[in-house]
Amino acid sequence: MATRLKCNDTIPERDAHIIIKGDGTGCSIKSNSATTPGDMTERGCTYAGCRGVVGGPVKDAIQLSHGPIGCAFYSWGYRPHVADTDFHMKYTFVSDMDESNVVFGGEKKLLQSVIEAAAEFPDAKGVFVYNTCTAALIGDDGKDVAKMAQEEIGKPVVFFACEGFRGVSQSQGHHVGNETIFRNLVGSVEPEEDYAYSINILGDYNIKNDIKTFEPLFQALGLKIITRFTGNVSVDELKIMHKAKLNVIHCTRSATYIADMMKDKYGTPSISVTLWGIANMSKALRETAAFFGLEKEAERVIKTEVAKVQPKIDHFKKRLAGKKVIIYQGGPRAWHWPELLEELGMEVIGAATTFGHHDDYEKIYSKVGDGTLIMDNPNVPELEEILRTYKPDIFIAGNKEKYLAYKLGVPFLNGHTYETGPYAGFSGMVNFARDLDKALSAPVWKLVRDQARPSPVSTLDLEEDVA
Ligand code: CFM
């Protein structure tokens, strides 16, 4: 049932986006709808979801925004370590539309920018052009320009119609990114190699080198990973992703679209997995192995690898058990992570997403206990109110919320780009537990409680926890 926070007395439209599990009305939350005017949402735009999340990690493509320079600057390098080259951390590209281009059109400038960038970086395997609001509003035909540019430079020039205003959040950008990569690149070459035991990992973006934790596990089963969509991937790897026998989807929110298109066109089956946490990673290996008849190998890998990390996890579990968590992520991590936190003896008392769809909320609903607060697209006053009233021991969210948490005296962990990560796979779970412990045990919370705030929201027993 819709729930009223005090701060929403003047914006009652927000009530439908906030529910409490177990009040007898089921998962009746409103989501994936336009933000109410006046609500200071934290959502990103379609361009952010396409350029930042899906297309951006492709390591040997020139990432070129067609629009004003700010769109390129503010989408540059905010997700670190997604590739094993530093090309994208060093450079970002933009057609640099200015007022005269808005009046007279920016197509010529775009064509010239693509040609210049390709000449300057001859090793790049293609150019990805991302449309922005400005270029779309004046009616530039970027798709046509991309076609001309492709003929001129002799490499793929892929145009993404991801102008920011298209959807209600960055989620629409994932969709555009999936469709555009599928239509323009996938299946454009036919290698002759044997791909009998091969998979793609879809919906992993190699945050803080996540792939280093789980790729060796799949490889130890005897499987070849053709493509990661799109962490640390090359244009050439995207072209042959249709050769895989199975798609393993990690982030279902951002990558199920391409899995569905591959199923329709190539008959490629897919499974949805979670690559965080001991139980989930084990399940992912078992299900993938079962598809190829490699069950024995899976049991061997799980046994050996879990034995290496379990003592460390047990150590942290003793320190973390009983702590209460509010988690606020973009989408699926809010339902992937309650189980991990449970493995560490912790309890989720609030879960929120920026752009989750109803299926994400149903998953959250099924994984948290009665009384848990579930929120869609929360804004800052709402987050402040729930941190003050629910008094979690730790808040897992992103950089936008970090200082709010700190100012309120609440320990914080960055769940988007991680603290010291990686967090995926078996070894990543140790990092996750260690970073949670570090955040909770930092001596600063004692000072904050004693000196800065008469009534902090932290419920930590500091004497016990300070290392
Ligand atoms: Fe998928 Fe992601 Fe996420 Fe996402 Fe994101 Fe992200 Fe996220 Mo930040 S693709 S939906 S748009 S798992 S950047 S790597 S952490 S909000 S929950």
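Because the structure is predicted, anything quoted here is derived from the model rather than measured.

Some thoughts on the packing of aromatic side chains
Thought 1: In this structure the tally under the stated criterion is 23 aromatic pairs.
Thought 2: Seen in terms of ring centroids, F182 and Y266 are 6.3 Å apart; in terms of plane orientation they differ by 70 degrees. Their pairing is edge-to-face. Residue F182 is found in helix α8 (residues 171-184), and its partner Y266 is found in helix α11 (residues 252-266); the two are separated by 84 residues along the sequence.
Thought 3: Residue class for F182 comes out buried when judged on its relative accessible area of 10%.
Thought 4: We classify Y266 as partly exposed; its relative accessible area is 29%.
Thought 5: The interplanar angle of 65 degrees and the centroid separation of 6.3 Å between the aromatic rings of W337 and Y423 together place this pair among those described as edge-to-face. With a gap of 86 residues between them, W337 in helix α14 (residues 333-343) and Y423 in the loop between β14 (412-414) and α18 (425-441) connect regions that are remote in the sequence.

Here's the deal with the packing of helix α12 (residues 278-292) against helix α13 (residues 295-320)
Packed helices, taken two at a time, are described by the angle their axes make and the gap between the axes.
Thought 1: One way to put it is that α12 packs onto α13 with a least axis distance of 9 Å and a crossing angle of 170 degrees. Relative to α13, α12 is oriented roughly antiparallel. Residues I278, S282, L285, R286, A289 and A290 of α12 lie in contact with α13, whose contacting residues are E295, A298, E299, V301, I302, V306, V309, Q310 and I313.
Thought 2: For the contact of α12 with α13, the class distribution of residues is 10 nonpolar, two polar and three charged.

Section: the confidence of the model for the protein chain
Thought 1: The pLDDT averaged across the protein chain works out to 95; a share of 96% of its residues lies at or above 70.
Thought 2: Note that pLDDT drops below 50 for residues 456-467; the model gives that stretch 31 contacts with residues more than four away or on any other chain.

Concerning the pattern of salt bridges
When their charged atoms lie close together, side chains carrying opposite charge are able to pair.
Thought 1: Applying the stated criterion across every chain, the model contains 23 salt bridges.
Thought 2: Taking the shortest distance from any N to any O, the salt bridge between D359 and R253 comes out at 3.0 Å. In this pair, D359 is assigned in helix α15 (residues 358-367) and R253 in helix α11, connecting sequence segments 106 residues apart.
Thought 3: Connected through shared salt-bridge partners, R4, D9 and D15 make up one network.

Re the domain arrangement of the protein chain
The extent of an interface is frequently quoted as the accessible surface area lost upon association of the parts.
Thought 1: According to the domain assignment, the protein chain contains domain 1 (6-39 + 309-451), domain 2 (46-184) and domain 3 (198-303).
Thought 2: Placing a centre on the C-alpha atoms of domain 1 and another on those of domain 2 gives a separation of 33 Å.
Thought 3: Contacts between the two partners involve six residues from domain 1 and, on the opposite side, eight residues from domain 2.
Thought 4: Together, N32, F355 and T417 form the three largest contributors to the area buried by domain 1 at its contact with domain 2, with a combined 66%.
Thought 5: At the junction of domain 1 with domain 2, the criterion picks out zero salt bridges.
Thought 6: At the surface where domain 1 touches domain 2, the tally comes to one residue pair in polar contact (both at pLDDT 80 or more).

A short note on the site of the ligand
Thought 1: Contacts to the ligand come from 14 residues, most closely from R79, H174, C251, R333 and H416.
Thought 2: Looking at the shell around the ligand residue by residue, the class counts come to six nonpolar, six polar and two charged.

Brief notes about the pairing of strand β10 (residues 324-329)
One face of the sheet, then the other: side chains in a regular strand alternate in exactly this way.
Thought 1: Among the six residues of β10, five are classified as buried, and the element is accordingly described as predominantly covered.
Thought 2: Pairing of β10 with strand β11 (residues 347-353) involves six bridges; the strand directions are parallel. Residue pairing for β11: I326 is matched across the bridge by G350.
Thought 3: Handedness of the crossover joining β10 and β11 through α14: right-handed.
Thought 4: As paired strands, β10 and strand β13 (residues 394-397) are joined by three bridges and run parallel to one another. The residue of β13 that forms the bridge with V325 is I394.

Overview of the sheet that holds strand β6 (residues 198-204)
Thought 1: Read from one edge to the other, the open sheet built from four strands follows the order β7-β6-β8-β9, with strand pairing classed as parallel. Where the open sheet ends on each side, the last strands, each with one partner, are β7 (224-230) and β9 (270-272). Along the sheet, successive strands turn relative to each other by an average axial angle of 20 degrees, direction set aside.
Thought 2: In the packing of α12 onto the sheet, the strands contacted are β6, β8 (246-249) and β9, and the crossing angle to β8 comes to about 175 degrees.

Definitions and cut-offs
Residues numbered from 1 in each chain as written. Predicted model: local features only at pLDDT ≥ 70, side-chain atom pairs only at ≥ 80, totals over all residues. Heavy atoms only, no water. Phe/Tyr/Trp six-rings, centres within 6.5 Å; stacked < 30°, edge-to-face > 60°. Helix = DSSP H or I, 4+ residues; strand = E, 2+ residues; numbered from the N terminus. Buried < 20%, exposed > 50% of the residue type's maximum accessible area, 1.4 Å probe, protein only. Axes fitted to C-alpha atoms, helices over the stretch in contact; angles between N-to-C directions. Parallel < 35°, antiparallel > 145°, perpendicular 65-115°, else oblique. Contact = heavy atoms within 4.5 Å. Nonpolar A, V, L, I, M, F, W, Y, C, P; charged D, E, K, R; others polar. pLDDT = per-residue confidence, 0-100. Salt bridge = Lys/Arg side-chain N within 4 Å of Asp/Glu carboxyl O. Domains from an automatic or database assignment. Buried area = accessible area lost by both parts, 1.4 Å probe. Polar contact = N/O pair within 3.5 Å; in protein donor to acceptor, adjacent residues only side chain to side chain. Near = heavy atom within 4 Å. Pairing = 2+ DSSP bridges. Right-handed = clockwise from strand over helix to strand, strands pointing away.

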